[in-house]
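Structure assessment
Here are the chains, one letter per residue:
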Amino acid sequence: MKRIYLDNAATTSLDPRVLEAMMPYLTEKFGNPSSIYSYGRESRLAIENARKVVAKTLGAHPAEIFFTSGGTESSNTAICAAVRDLGCKHIISSPIEHHATTHTVEYLHQNGETALSFVKIRPDGHVDLESLDQLLSKSEEKCLVSLMHANNEIGNLLDIHAVGELCKKYNAIFHSDTVQTVGHYPFDLRHTPVHFITGAAHKFHGPKGVGILYINENVQIKPFIHGGSQERNMRAGTENLYGIVGFAKALELATTNYEADRGYISGLKTYMAKQLQQYIKGIHFNGDTFGNSLYAVLNVSFPKTEKSEMILFNLDINGICASGGSACTSGVDIGSHVIRAINNNPNLVAVRFSFNRDNTKEEIDFVVEKLKGMI
Ligand SMILES: Cc1ncc(COP(=O)(O)O)c(C=O)c1O
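Residues numbered from 1 in each chain as written. Predicted model: local features only at pLDDT ≥ 70, side-chain atom pairs only at ≥ 80, totals over all residues. Heavy atoms only, no water.

1. Side note on the pattern of salt bridges
The criterion, for reference: Salt bridge, as used here: a side-chain nitrogen of Lys or Arg that lies within 4 Å of a carboxyl oxygen of Asp or Glu. Helix and strand assignments follow DSSP, with helices taken as H or I runs no shorter than four residues and strands as E runs no shorter than two, numbered in order from the N terminus. For the exposure calls, accessible area comes from a 1.4 Å probe over protein chains only, and a residue counts as buried if that area is under 20% of its type's maximum, exposed if over 50%, partly exposed in between.
On inspection of all chains with the given rule, the structure shows 16 salt bridges. The partner of K2 in a salt bridge is E363, and the shortest N-O contact between them spans 3.2 Å. Of this pair, K2 sits in the segment before β1 (4–5) while E363 sits in helix α12 (residues 361–374), and the two are 361 residues apart along the sequence. Residue K2 is classed as exposed on the basis of its relative accessible area, which comes to 59%. Among the residues examined, E363 registers a relative accessible area of 11% and is labelled buried. Across the salt bridge formed by K169 and D133, the nearest N and O atoms sit 3.7 Å from each other.

2. Some thoughts on helix α9 (residues 258–279)
Convention followed: By definition here, a helix of n residues has an expected span of 1.5 Å times n minus one. We call two residues contacting when some pair of their heavy atoms lies within 4.5 Å.
With 22 residues, α9 should reach 32 Å at 1.5 Å per residue; the first-to-last C-alpha distance of 32 Å fits that figure. Against α8 (241–256), β9 (284–285), β10 (297–303), β12 (348–354) and α12 lie the buried residues of α9.

3. As for the packing of α9 against α12
Under the convention used in this document: Throughout, an axis means a line fitted to C-alpha atoms (over the contacting stretch in the case of helices), and angles, computed between N-to-C directions, take values from 0 to 180 degrees. In this scheme, roughly parallel covers angles under 35 degrees and roughly antiparallel covers those over 145, while 65 to 115 is roughly perpendicular and the rest are oblique. For any helix crossing, the convention is left-handed if the near helix is rotated counterclockwise from the far helix by under a right angle, and right-handed if that rotation is clockwise.
Here α9 crosses α12 at 25 degrees, and the two axes come no closer than 10 Å. Of the possible angle classes, the one that applies to α9 and α12 is roughly parallel. Crossing handedness for the pair α9 and α12: right-handed. Taken together, the residues of α12 that come into contact with α9 (itself represented by L268, Y271, M272, Q275, L276 and Y279) are K361, I364, D365, V367, V368, L371 and K372.

4. Description of the site of the ligand
What counts is decided by this rule: Definition of nearness: a residue and a molecule or strand are near each other if at least one heavy atom of the residue lies within 4 Å of the molecule or strand. Each polar contact in these results corresponds to two N or O atoms within 3.5 Å; when the atoms are within protein, one needs to be able to donate a hydrogen and the other to accept it, and residues that are neighboring in sequence are counted only if both atoms are side-chain atoms. Using a 1.4 Å probe, accessible areas were evaluated by the Shrake-Rupley method; residue-level cover was limited to the displayed protein chains. All residues other than Ala, Val, Leu, Ile, Met, Phe, Trp, Tyr, Cys, Pro, Asp, Glu, Lys and Arg, Gly among them, are scored as polar; the first ten of these are nonpolar and the last four charged.
For the ligand, the full set of nearby residues is G70, G71, T72, H98, M148, N152, D177, V179, Q180, A200, H202 and K203. Within the side chain of D177, one N or O atom sits 2.6 Å away from a nitrogen atom of the ligand. Between the ligand and K203, the relevant distance is 2.9 Å, taken from an oxygen atom to a side-chain nitrogen or oxygen of the residue. Contact with the protein chains removes 88% of the 390 Å² of surface that the ligand exposes when unbound. Along the lines of polarity and charge, the residues of the shell around the ligand split into three nonpolar, seven polar and two charged.

5. Section: the side chain of T11
With respect to the secondary-structure elements, T11 resides in the loop between β1 and α1 (16–26). Only 3.2 Å separates the side chain of T11 from the side chain of K208, close enough to count as a polar contact. Residue contacts for T11: discarding those within four places in its chain leaves Y5, H202 and K208.

6. Structural notes on the pairing of strand β6 (residues 173–176)
Quick reminder of the rule: At least two DSSP bridges between two strands are required for those strands to pair. Handedness is read with the strands pointing away from the viewer; a crossover is right-handed when the path from the first strand over the helix to the second is clockwise.
Every second residue of β6 is oriented toward a common face, with I173 and H175 on one face and F174 and S176 on the other, all of them buried. Of the pairings in the sheet, the one linking strand β5 (residues 143–146) to β6 comprises three bridges and is parallel in character. Note that in β6 the partner of V145 across the bridge is F174. In this view, the connection linking β5 to its parallel neighbour β6 by way of helix α6 (residues 160–169) has right-handed handedness. Inspection of the sheet shows β6 paired to strand β7 (residues 196–200) by two bridges, in the parallel sense. Note on β7: the bridge partner recorded for S176 is I197.

7. Points about the sheet that holds strand β2 (residues 65–68)
Read across the sheet, seven strands follow the order β2-β8-β7-β6-β5-β3-β4 without closing on themselves; strand pairing throughout is mixed. Where the open sheet ends on each side, the last strands, each with one partner, are β2 and β4 (115–118). Across this sheet, the average inter-strand angle for adjacent strands is 20 degrees, counted without regard to direction. Along the sheet, helix α2 (residues 38–58) contacts β2 and β8 (211–215); its crossing angle with β2, the most-contacted strand, is approximately 120 degrees.

8. Remarks on the sheet that holds β10
Within the open sheet, the three strands sit side by side as β9-β10-β12. Their pairing is antiparallel. With one partner strand each, in any of the chains shown, β9 and β12 form the two edges of the open sheet. Sheet topology places β10 next to β12; seven bridges connect them, and they run antiparallel. Its bridge partner being in β12, L298 is matched across the sheet by F353.

9. Some remarks on α12
How we decide: To be clear, the arc concerns the directions from the helix axis to the C-beta atoms.
Here α12 spans 20 Å end to end across 14 residues, near enough to the 20 Å set by a 1.5 Å rise per residue. For α12, the set of buried residues is E363, I364, V367, V368, L371 and M374. Looking down the long axis of α12, one finds its buried residues gathered within 130 degrees of arc, a one-sided arrangement. On its buried side, α12 packs onto β1, α9, β10, α10 (311–317), β11 (320–321) and β12.

What follows is the structure, given as structure tokens:
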């Protein structure tokens, strides 16, 4: 059976051109980047070239880019460093962050290291900036604001410039989980008021298990993994050489095609939304679907019936891959904390469809046809 993959916000397929760029570093170019002989120097050069490509693409300085194991590690590091090294005693976040953020801030709070507040979320899923302003203005402690750039479940986009300016006004540190936007939108970090951002290669056709943490040059944090002197003494351990090469190649490819991919993929999203509206009664979309939202994510609520409760299972039987929430929690049947926060309606079943440049209208027609029978 042919499978239809509509879960690209969970992960994407590896682009063969990325694999090709990685291959030499999985085979003949195996040297440890810290070794001083030629094998090592070759590997070191590949890493530093990758760092330059990433920095240039994001409008950052190479010294501001640290390679990590992915989005989760990057966010954990930024949040813990803001508290432990930068004097933040109050974290302001939102109830709809990815668990990489939520569980980290809750851990620090429960451990007695920080106060914790959550901004209000509007019914359309956007952060209420007035609520953020109020929390910042009332805080007597230095704040860390941790708000994601794009929500992985409903797709809503945050105005990071507006949030960054507010943080500046109150001398707060700003971390933004940009895992869903790096590789999907252009960045100009030199002109973006943010201290930490994150990225994961597997969200834009790169390999899994490699990410970045951008640390603005104006903040100094302590090493986050102790041991060797890799990543300029900040993150010890032999580097994920081929992963890093793959990250840079995937980002480079994504950048050259931003506009074309965006146009095509947002066309698919709109098409599917219109088809669903036309053929299935009682559905609604979660988030600011047709407004300030990721072009690749469509989150749909279906009326709850005996049949629709089994929707993901039935989609899977038909070879259709979609999810109920973030991939990390979709195996657990507790529903989505994001959907609960914006629309706590127990009579609806939410499904996230997320697209990539290889999806087609024919695939969407097939999925809509199957959904008609399932609801
Ligand atoms: C918004 C967001 N943040 C963080 C992560 C975690 O990234 P990773 O799986 O690379 O650790 C993901 C995806 O899994 C995500 O969608």
